[in-house]
Amino acid sequence: MDQQNRENFLNKLAAKMGRARKLVPDQMEEQVNHHPTTRLTHLSQNELCNEFMSFAKVLLVDVVETKEADVAQAVLDVCEKYGGGNIVLNNDDRLNQLGITDAVKAKYDSFVWDFSLDRENIAKSAEANIGIVHAEYGLAESGGIVLYATKDNGRSTSLLPTTSVVVVRKSKVLPRVAQLAQVLHEKAQAGERMPSCINIISGPSATADIELIKVVGVHGPVSKIYVVIDDL
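Basis of the calculations
- Residues numbered from 1 in each chain as written.
- Predicted model: local features only at pLDDT ≥ 70, side-chain atom pairs only at ≥ 80, totals over all residues.
- Heavy atoms only, no water.
- Salt bridge = Lys/Arg side-chain N within 4 Å of Asp/Glu carboxyl O.
- Helix = DSSP H or I, 4+ residues; strand = E, 2+ residues; numbered from the N terminus.
- Pairing = 2+ DSSP bridges.
- Contact = heavy atoms within 4.5 Å.
- Axes fitted to C-alpha atoms, helices over the stretch in contact; angles between N-to-C directions.
- Buried < 20%, exposed > 50% of the residue type's maximum accessible area, 1.4 Å probe, protein only.

A. The arrangement of the pattern of salt bridges in detail. Tallied over the entire structure, the rule returns 16 salt bridges. Note that Glu80 is salt-bridged to Lys107, the shortest N-O span being 3.8 Å. Taken together, the residues span a long stretch of sequence, with Glu80 in helix H4 (residues 71-81) and Lys107 in helix H6 (residues 100-107) at a distance of 27 residues. With a shortest N-O distance of 3.3 Å, Asp152 and Lys151 are connected by a salt bridge.

B. Main features of the sheet that holds strand E8 (residues 173-174). The strand order E8-E5-E6-E9 describes an open sheet built from four strands, whose pairing is mixed. Each edge of the open sheet is held by one strand with a lone partner, namely E8 and strand E9 (197-201). Pairing geometry for strand E6 (residues 144-149) and E9, over five bridges, is antiparallel. Paired with Ile145 across the two strands is Ile201, which belongs to E9. Sitting on the sheet, helix H9 (residues 177-189) is in contact with strand E5 (137-139), E6, E8 and E9, with an inclination near 20° to E6.

C. Local environment of the pairing of strand E4 (residues 130-134). With five of five residues buried, E4 lies mostly within the body of the structure. Here strand E2 (residues 87-89) runs beside E4; their pairing, made up of three bridges, is parallel. Along E4, the bridge assignment pairs Leu89 with Ile132. Two strands pair when backbone bridges link them, and E4 and strand E7 (residues 163-169) are joined in this way by five bridges, in the parallel orientation. For Ile130, the partnering residue across the bridge sits in E7 and is Thr163.

If you want it as structure tokens, here you go:
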């Protein structure tokens, strides 16, 4: 449709509606409040973390608090509690630096995400009993965690195994999605490479759309565990 035809079409449409065409958008109404950007921001970081963990427990997340020096053992304890078996981990430098990857590989039949293996990563994740990932952020308002998908951090690691274990630092807990959006905006403005996918996950997979009866584990992990590092 060329410009002239477009204008004729829009003019006829406006005439049929009985009003003149609007070429300038209406001014936005003044906001009643600023809750989208300010809610929970008055809390201290410790208070945000408590809010985050409390909400996560309501969502049936098993929350384990630990110090950085003990995090590898804490993850091993979680793996033992949830049946061990095949374990898949993202090829995340943070997991390596915390000693988690080596500790898990030494005790369990495990697989570390390898970008060069293409779809084998997905197959290994689907077979695994436990998937272990490191979160970018936690969200106090929803008890959710934020995961970036990159070539070394696959989505399948957290979505396909029966049990999903997420390591997250208290210092990385944000009030709500508005603050995450600001982080992403700043990354984009700085010209940083953006993740191919951003997942915000709150608890194990569940649905309650059938007679409002909640059923857990319908389309993803049956169990969700947050291993929260107290680094404050």
